[in-house]
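# Observations on the three-dimensional arrangement
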Amino acid sequence: MAKTLLDESIYHYILSVSLREPELLQQLRQETAQMPMGIMQIAPEQGQFMALLVQLIQAKKTLEVGVFTGYSSLSVALALPADGQMIACDVSEEYTAIARKYWQQAGVAGKIDLRIAPALETLDRLLAEGQASSFDFAFIDADKGNYPNYYERSLQLLRPGGLMAIDNVLWSGKVADPQVQDETTQAIRDFNQTLHQDQRVSLSLVAIADGLTLAMKRG
Ligand code: CA
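Predicted model, so just to flag it, every value in this text is computed and none were measured. (Residues numbered from 1 in each chain as written. Predicted model: local features only at pLDDT ≥ 70, side-chain atom pairs only at ≥ 80, totals over all residues. Heavy atoms only, no water.)

## Details of the coordination of the calcium ion
The protein atoms that coordinate the calcium ion are Asp141 (OD), Asp141 (OD), Asp167 (OD) and Asn168 (OD1), at distances spanning 2.3 to 2.6 Å. Counting along the primary sequence, the residues that act as donors to the calcium ion give the motif D-x25-D-N. One end of the pair, Asp141, is in the loop between strand S4 (135–140) and helix H7 (147–157); the other, Asp167, is in strand S5 (residues 158–167), with 26 residues separating them in the sequence. Judged by its relative accessible area of 13%, Asp141 is buried. With relative accessibility at 3%, the residue Asp167 sits in the buried group. (Donors = N, O, S within 2.8 Å, 3.2 Å for Na, K, Ca; no water. Helix = DSSP H or I, 4+ residues; strand = E, 2+ residues; numbered from the N terminus. Buried < 20%, exposed > 50% of the residue type's maximum accessible area, 1.4 Å probe, protein only.)

## Observations regarding the pattern of salt bridges
In total, this model carries ten salt bridges according to the counting rule given. Between Lys101 and Glu31 there is a salt bridge, with the nearest N and O atoms lying 3.2 Å from each other. On the criterion of sequence distance, the pair formed by Lys101 in helix H5 (residues 93–106) and Glu31 in helix H2 (residues 23–33) is long-range, its members being 70 residues apart. Look at Lys101 and you get partly exposed, because its relative accessible area is 36%. For Glu31, a relative accessible area of 26% corresponds to the partly exposed category. (Salt bridge = Lys/Arg side-chain N within 4 Å of Asp/Glu carboxyl O.)

## Digging into helix H4 (residues 71–79)
Of all nine residues in H4, eight are buried, a share of seventy percent or more. When H4 is considered as a whole, its buried residues turn out to be Tyr71, Ser72, Ser73, Leu74, Ser75, Val76, Ala77 and Ala79.

## So, the nonpolar core
One finds Met50, Trp103 and Phe137 to be the most contacted residues of the largest nonpolar core, which totals 34 residues. Of all hydrophobic cores here, the second largest spans 24 residues; its members include Leu123, Ala138, Leu157 and Met164. (Core = buried A, V, L, I, M, F, W, Y, C linked by side-chain atoms within 4.5 Å.)

## Let's talk about the packing of H2 against H5
Contact pair H2 / H5: the axes reach a minimum separation of 10 Å and the direction vectors enclose 165 degrees. The angle between the axes of H2 and H5 places the two elements in the roughly antiparallel class. Both H2 and H5 take part in a crossing whose hand is right-handed. Contacts from Leu24, Gln27, Leu28 and Glu31 in H2 reach Ile98, Lys101, Tyr102, Gln105 and Ala106 in H5. Of the residues contributing to the contact of H2 with H5, the split by class is five nonpolar, two polar and two charged. (Axes fitted to C-alpha atoms, helices over the stretch in contact; angles between N-to-C directions. Parallel < 35°, antiparallel > 145°, perpendicular 65-115°, else oblique. Left-handed = near helix turned anticlockwise from the far one by under 90°. Contact = heavy atoms within 4.5 Å. Nonpolar A, V, L, I, M, F, W, Y, C, P; charged D, E, K, R; others polar.)

## Thoughts on the environment of Glu93
Following the sequence through the fold, Glu93 ends up in helix H5. A relative accessible area of 47% means that Glu93 is categorised as partly exposed. For the pair Glu93 and Thr69, spaced 24 residues apart in the sequence, the C-alpha separation amounts to 10.0 Å.

## Some thoughts on the packing of aromatic side chains
Where two aromatic rings form a pair, the distance of their centres and the angle of their planes describe that pair. Evaluated as defined, the whole model comprises three aromatic pairs. Ring centres 5.7 Å apart and planes at 85 degrees place the aromatic pair Tyr151 and Phe191 in the edge-to-face group. With Tyr151 in helix H7 and Phe191 in helix H8 (residues 183–197), this pair connects stretches of sequence that are 40 residues apart. Ring-pair connections join several aromatic residues into one group, and the members of that group are Tyr147, Tyr151 and Phe191. In this arrangement the basic side chain of Lys61 is found over the ring face of Phe135, its NZ or CZ atom lying 4.5 Å from the centre. (Phe/Tyr/Trp six-rings, centres within 6.5 Å; stacked < 30°, edge-to-face > 60°. Lys NZ or Arg CZ within 6 Å of the ring centre and 35° of its normal.)

Here's what the structure looks like:
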């Protein structure tokens, strides 16, 4: 079962009446779940939610920081129009090989430009190339200590009205437990507090899956 902060019966009910998971995504989710780091993939209802967001804002040009085995990128890419594109950042050839296999099977490989490098380097390069204010949507789901850096660069890359979605902001509920004081939990707490004060964005922290903050760049 996917990670959820909800009561289990409510979670199963939500899935039973709302999840519309394409077969390829289901296969990818099952293949990934068998891997040691399988817990890192996003929940299926979250993939569907992000696909809805992408359709809602009619996104064409998107960014992903943290691909892993590709569940989120595949969910988003399937929701993009035929001329949609994604720049996808990850450091792992091994995990993204699985992602690439599914992108190809789903017919969306042509939409996705995978950059194997530290994401900060890729984001800085995009900015240096003059791609600021050109992205419609960005999904941030990588090393949590770098969230402030990913956030600042992605905010520059988004157009006004563009949307950023940042994953794991509830960190299995640890952010709300004062007994938990490890470095990653504290980094996410600090990040959440910083965004709360950031008037450059309209904000909502959505309690889906492991917590997903939505931040829309104000004009
Ligand atoms: Ca995540």
